[in-house]
Amino acid sequence: MAFVPDFGDDDGDRKICFIASKGTLDMVYPSLIMANAALGEGIETHIFFTFWGMDIVTKKHMEDLQFTWLGNTAMHPPGGSKIHMPQGLAGLPGMTAMATKMMKKQIAELDVPEVPEMVQMIADAGGHLWACKMSVDMMGLTKDDMIPEVEDIISATDFIELSAGAQVIFT
Amino acid sequence: MPTTTIAGAEVQVDEEGFMTEYDEWNEEIANALAGNIGIELTDDHWQVIKFLREDYKEQGETPMLRRVSNVGGVPTKQLFQLFPKKPAKKMSYIAGVPKPQGCV
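## Focus on the overall build of chain B
Summing up its helical and strand segments, chain B has five helices and two strands in all. For chain B, the α and β elements follow one another from N to C terminus as β-β-α-α-α-α-α. Taken over C-alpha atoms, the radius of gyration comes to 13 Å for chain B, in line with the 13 Å a tight globule of 104 residues would show. Seen through its C-alpha atoms, chain B measures out along the principal axes to roughly 35 × 25 × 20 Å. The buried share among the 104 residues of chain B stands at 34%.

## Section: the domain arrangement of chain B
All names here are of chain B. Along its sequence, chain B is carved into domain 1 (3-36) and domain 2 (43-95). Taking the mean C-alpha position of each, domain 1 and domain 2 sit 17 Å from one another. Residue-level contacts link four residues of domain 1 with four residues of domain 2. Class assignment of the residues belonging to the side of domain 1 that touches domain 2 gives a composition of four nonpolar, no polar and no charged.

## Details of the packing of helix 1 (residues 27-36) of chain B against helix 5 (residues 87-95) of chain B
Two numbers describe a pair of packed helices, the interaxial angle and the distance between the axes. All names here are of chain B. Two elements in contact, helix 1 and helix 5, have axes whose closest approach is 8 Å; the angle formed by their N-to-C orientations is 145 degrees. Each of Ala30, Leu33 and Ala34 in helix 1 lies in contact with helix 5, whose residues at this interface are Tyr93, Ile94 and Ala95. The residue makeup of the contact of helix 1 with helix 5, split by class, is six nonpolar, no polar and no charged.

## Comments concerning helix 4 (residues 115-124) of chain A
Here helix 4 of chain A has its buried residues at Val115, Met118, Val119, Met121, Ile122 and Ala123 of chain A. In the segment just after helix 4 of chain A, Gly126 of chain A is the residue with positive phi, at about 95 degrees.

## Some remarks on the interface of chain A and chain B
Facing the 18 residues of chain A at the interface are 23 residues of chain B. Taken together, the elements giving at least two residues each to the side of chain A that touches chain B come down to helix 1 (25-40) and helix 4 of chain A. If you tally residues by element for the side of chain A that touches chain B, the top one is helix 1 of chain A, at four residues. A per-class count over the side of chain A that touches chain B returns eleven nonpolar, four polar and three charged.

Basis of the calculations
Residues numbered from 1 in each chain as written. Chains lettered and ligands numbered in written order. Predicted model: local features only at pLDDT ≥ 70, side-chain atom pairs only at ≥ 80, totals over all residues. Helix = DSSP H or I, 4+ residues; strand = E, 2+ residues; numbered from the N terminus. Rg over C-alpha atoms; globule rule 2.2 N^0.38 Å. Buried ≥ 20, exposed ≤ 12 C-beta atoms within 10 Å, placed from the backbone. Domains from an automatic or database assignment. Contact = placed C-beta atoms within 7 Å. Nonpolar A, V, L, I, M, F, W, Y, C, P; charged D, E, K, R; others polar. Axes fitted to C-alpha atoms, helices over the stretch in contact; angles between N-to-C directions.

Quick look at the structure:
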């Protein structure tokens, strides 16, 4: 008798919803990476993009998300340094561009895709993408401003309904 | 390490049932492993399995879905159709390579 791994095909009721509320390069990856991992485990996965998180699925911005360490006291130079990067330095002209470039390089070195490819992977894997109505109204966006993989613009109430029984993670 | 009999051959497996010896694998075993989890192998499945075997041999680690898609040339959507629900684990099980370890 061969023994066979349990791929959990029978327990199909797990569901995860991420709320992606940030648009800084470092803070968009948590929900994208975990959503991608959840899909690979056969879990029904949704991402609700709201406020600054809208940039992740907005055509004009998704390729150009930025990183700054301004306000982030946990920023150390790469390589496990004990030094804290001076906060004032981050405010100088050109520093955001430089920090963004460095972070993108580090992400690429790990062979992790840039944001547009990551979002496409999630959509291809069957992930559901939703845009927040209030954010869309506030920012003056329409569905045409977003990638077509965004299924719909939905209200907070709609999201609460669709996330019934799900594990909800705010990022 | 436990052993089990697959397609008439005694092979070594880990505690979950994944094969642990790359060279004990053959195509007959792959067919039996696929059958164990309800998959009938088509040419498209074989393309993925062969890529996994070759890439594991070259790189020393099992490729993640993104690599199977970008380098192996099988789109993500199709991977989910060929190996439903947990493609990365199912394809490595059938190909006789370890489960992938990466995050993306």
